[in-house]
Amino acid sequence: MPRSAIINVMVQAAMKAGRSLARDFGEVQNLQVSLKGPGDYVSQADRRAEEIIHTELSRARPGYSFLMEERGAVDGDDPQHRWLVDPLDGTTNFLHGIPIFSVSIALERQGTLVAGVIYNPAMDELYTAERGGGAFLNDRRMRVAARRELTDCVIGTGIPHLGRGHHGRALLDLRNVMGEAAGIRRLGSAALDLAYVAAGRMDGFWEDALSPWDMAAGILMVREAGGFATDRNGGQDMLDSGSVVAGNELIHRSLLKTLQKPVS
Ligand code: IPD
Ligand code: CA
Ligand code: CA
């Protein structure tokens, strides 16, 4: 499958950062046994990966603006184009030696998501999507799963932890969805959660309080794989509200409905 120039640029940046993370992940697994743990080491790995992505993307497309998790917003001369970058999505997994983490890069043109790349270095899985061009996992076209009933579905989510608000809301949501779905998964990387929905591995996903860089690439991927992604009200305010609900048309609709239910 020939890739467009812009996807090539993004893939190169994501894979280079991914290789750096994979090397650091090997070290983290060694540090795991110490009492202090690999905390500082992981922050360095995260910053190193972001640095690589920033360098690669700025070199290939000078002037584009950035929104990056570590550096925040960096305005370029070209305000029409903005990269949304999470150099390491799944930090808690990484820190604990769990090989589920990713690099996520999205490109917005005039506020519209036009390209997305997510790379899981531990499994060497590369997910790409371009607006109007479909979504791919390692060059194989992705389609969202076709299941029609929530009762047959595996649904991903995120569970807020210490220091995060909305624990009550998350418990209500969990309770509602667990009563209707075949299974719930918490992978620990929102970017991969959405990529898994695009790949048909999970049938749906919802999470609240995410940041734009967690979900931008994944949202495009789900759409390009024939799925739907909205905020929990069914609107398009995902990046600002932090809430996202995804799935095929029917499962997306069922999830939206289930998440509105009061708990009986
Ligand atoms: C986190 C992951 C996780 C989600 C959290 C995010 P990070 O990103 O995407 O799955 O539940 O809300 O903050 O901190 O690992 O980049
Ligand atoms: Ca993240
Ligand atoms: Ca991160």
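Parameters at a glance
Residues numbered from 1 in each chain as written. Chains lettered and ligands numbered in written order. Predicted model: local features only at pLDDT ≥ 70, side-chain atom pairs only at ≥ 80, totals over all residues. Heavy atoms only, no water. Helix = DSSP H or I, 4+ residues; strand = E, 2+ residues; numbered from the N terminus. Rg over C-alpha atoms; globule rule 2.2 N^0.38 Å. Buried < 20%, exposed > 50% of the residue type's maximum accessible area, 1.4 Å probe, protein only. Contact = heavy atoms within 4.5 Å. Areas by Shrake-Rupley, 256 points an atom, 1.4 Å probe, with all protein chains shown as cover. Lys, Arg positive; Asp, Glu negative; His and termini not counted. Charge placed at Lys NZ, Arg CZ, Asp CG, Glu CD. Donors = N, O, S within 2.8 Å, 3.2 Å for Na, K, Ca; no water. Domains from an automatic or database assignment. Buried area = accessible area lost by both parts, 1.4 Å probe. Salt bridge = Lys/Arg side-chain N within 4 Å of Asp/Glu carboxyl O. Polar contact = N/O pair within 3.5 Å; in protein donor to acceptor, adjacent residues only side chain to side chain. Core = buried A, V, L, I, M, F, W, Y, C linked by side-chain atoms within 4.5 Å. Near = heavy atom within 4 Å. Nonpolar A, V, L, I, M, F, W, Y, C, P; charged D, E, K, R; others polar.

Before going further, it helps to spend a moment on the overall build of the protein chain. Secondary structure summary: the protein chain contains 8 helices and 13 strands in total. Against the compact-globule benchmark of 18 Å for 264 residues, the protein chain has a radius of gyration of 18 Å, which places it among compact chains. Structurally, the protein chain occupies a C-alpha span of about 55 × 50 × 30 Å along its principal axes. Classification of the 264 residues of the protein chain by burial places 52% in the buried group. Within the protein chain, residue pairs in contact and separated by at least 24 positions form 61% of the contacts whose partners lie at least 6 positions apart. For the protein chain, the exposed area adds up to about 11,900 Å²; of that, 50% sits on carbon and sulfur atoms. When the 29 basic and 33 acidic side-chain charges of the protein chain are each reduced to a single mean position, those positions are 4 Å apart.

The calcium ion (ligand 3) binds to the protein through Glu 69 (OE), Asp 86 (OD), Asp 86 (OD) and Leu 88 (O), with metal-donor distances spanning 2.1 to 3.2 Å. The calcium ion (ligand 2) is placed at 3.7 Å from the calcium ion (ligand 3), the two being bridged by Asp 86. Of the two residues, Glu 69 sits in the loop between β1 (64–68) and β2 (72–74) while Asp 86 sits in strand β3 (residues 78–89), which places them 17 residues apart along the sequence.

A word on the domain arrangement of the protein chain. For the protein chain, the assigned domains read domain 1 (5–141) and domain 2 (150–259). Domain 1 and domain 2 are separated by 21 Å when their C-alpha centres are compared. If you look at the interface, domain 1 gives 35 residues, while domain 2 gives 22 residues. Here domain 1 and domain 2 share an interface that buries about 2,100 Å² over both sides, 68% of which is from carbon and sulfur atoms. In terms of surface lost to domain 2, no three residues of domain 1 exceed Leu 113, Ile 118 and Tyr 127, which account for 26% of the buried area on that side. Between Arg 201 and Glu 125 there is a salt bridge, and its shortest N-O distance comes to 2.7 Å. The interface formed by domain 1 and domain 2 holds 10 residue pairs in polar contact (both at pLDDT 80 or more) in total. Of all the secondary-structure elements, those providing two or more residues to the side of domain 1 that touches domain 2 are β1, β3, β4 (102–109), β5 (112–120), β6 (125–130) and β7 (134–137).

Okay, the nonpolar core next. Within the largest apolar cluster, 36 residues are counted, with the highest numbers of intra-cluster contacts made by Ile 118, Tyr 127, Met 142, Ile 219 and Met 221. Listed by contribution, the elements that provide at least two residues to this core are β5, β6, β7, α5 (190–198), α6 (212–224) and β13 (244–247). Each of domain 1 (5–141) and domain 2 (150–259) gives at least three residues to this core. Beyond its immediate stretch of four places on either side in the chain, Met 142 contacts Tyr 127, Ala 135, Phe 136, Leu 137, Ala 195, Ala 198, Ala 199, Met 221 and Ala 225. Membership of the second largest hydrophobic core comes to 33 residues, among which are Ile 6, Val 11, Val 42 and Val 114.

Turning to the coordination of the calcium ion (ligand 2), a few remarks are in order. For the calcium ion (ligand 2), every protein donor is listed as Asp 86 (OD), Asp 89 (OD) and Asp 214 (OD), and the spread of their distances is 2.1 to 2.2 Å. Coordination of the calcium ion (ligand 2) draws on donor residues from a single chain, spaced D-x2-D-x124-D in sequence.

So, on to the site of ligand 1. Around ligand 1, the structure places 14 residues, and the nearest of them are Asp 89, Gly 90, Thr 91, Ala 190 and Glu 207. Asp 86 places a polar side-chain atom, nitrogen or oxygen, 3.2 Å from an oxygen atom of ligand 1. A distance of 3.2 Å separates an oxygen atom of ligand 1 from a polar atom in the backbone of Gly 188. Here the element with the most residues in the shell around ligand 1 is β3; it accounts for 3 residues. Of the residues that constitute the shell around ligand 1, the class distribution is 3 nonpolar, 4 polar and 7 charged. Residues lining the shell around ligand 1 come from more than one domain, with at least three contributed by each of domain 1 (5–141) and domain 2 (150–259).

Following the sequence through the fold, Met 142 ends up in the loop between β8 (140–141) and β9 (154–157). C-alpha separation for the pair Met 142 and Gly 200, spaced 58 residues apart in sequence, amounts to 7.4 Å.

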